Amino acid sequence: MENTEPKKLGGALLTVIIIDLVLSIIGVFGTIMLILAKNSNNELFKSNPALTDTNPTELKIVLILTILIIIALVLILFKQAIGVYIYFIATIINIVYGIVSNGFNPSTLISLILPILIAIFIFLKKDVFWNKNITD
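What you see is a predicted model; the values in this text were computed from it and never measured.

Looking now at a nonpolar patch on the surface. Together, I110, I113, I116, L117, I120, F123 and L124 make up a nonpolar patch on the protein surface, roughly 700 Å² of accessible area in all. In this fold, I110 is placed in helix α6 (residues 107–110).

Structural data, given as structure tokens:
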């Protein structure tokens, strides 16, 4: 007798994905605001040293990678294996790009916490993504 009950993601994986999703959405809005402020003619924004040091191309690359991460997280919530691949590829590119453009600092290690937790929980629930029961 086969188990026909649908496989679930689990509470821990759902929690970490939702936290990462919320942080990524906040990051998208923050990056969009930086891009808009960078293009603004307001003298208050132009005198801010944080804005004068940022490169609009860097901001656009980070924005694209963050949107890819959001799409991948949504695909993971829908139990699609392609979402796992997209998430980890985009996350690795994002971290490597951050190290190359800004140099390595201890805060880079903090950005590894959520991807490592997601990797652990996906490994524990790998049957949800890759072992689909296909009847011949």
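With 23 residues, the main nonpolar core has L13, L73, I76, Y87, I118, I122 and F129 as its most contacted residues. Put simply, the parts of the chain that give this core at least two residues each are α1 (11–38), α4 (56–77), α5 (81–102), α7 (113–124) and α8 (126–129). In this structure Y87 touches D20, I69, A72, L73, I76, L114, P115 and I118, once residues within four positions along its chain are discounted.

This part is about the packing of α5 against α7. Between two packed helices, what matters for the description is the angle formed by their axes and the separation of those axes. Packing of α5 against α7 brings their axes to within 11 Å, and their N-to-C directions diverge by 155°. One element, α5, and the other, α7, form an angle in the roughly antiparallel class. You can see that α5 and α7 cross each other, and the crossing is left-handed. Counting all contacts with α5, which are made through V84, Y87, F88 and T91, the residues of α7 involved are L114, P115, I118, A119 and I122. Taken together, the residues that form the contact of α5 with α7 break down as 8 nonpolar, 1 polar and no charged.

Procedures and definitions
- Residues numbered from 1 in each chain as written.
- Predicted model: local features only at pLDDT ≥ 70, side-chain atom pairs only at ≥ 80, totals over all residues.
- Heavy atoms only, no water.
- Patch = residues over 30% accessible without salt bridge, like charges linked within 9 Å, V, L, I, M, F, W, Y side chains within 5 Å.
- Areas by Shrake-Rupley, 256 points an atom, 1.4 Å probe, with all protein chains shown as cover.
- Salt bridge = Lys/Arg side-chain N within 4 Å of Asp/Glu carboxyl O.
- Helix = DSSP H or I, 4+ residues; strand = E, 2+ residues; numbered from the N terminus.
- Core = buried A, V, L, I, M, F, W, Y, C linked by side-chain atoms within 4.5 Å.
- Buried < 20%, exposed > 50% of the residue type's maximum accessible area, 1.4 Å probe, protein only.
- Contact = heavy atoms within 4.5 Å.
- Axes fitted to C-alpha atoms, helices over the stretch in contact; angles between N-to-C directions.
- Parallel < 35°, antiparallel > 145°, perpendicular 65-115°, else oblique.
- Left-handed = near helix turned anticlockwise from the far one by under 90°.
- Nonpolar A, V, L, I, M, F, W, Y, C, P; charged D, E, K, R; others polar.

Structural measurements only, silent on function.
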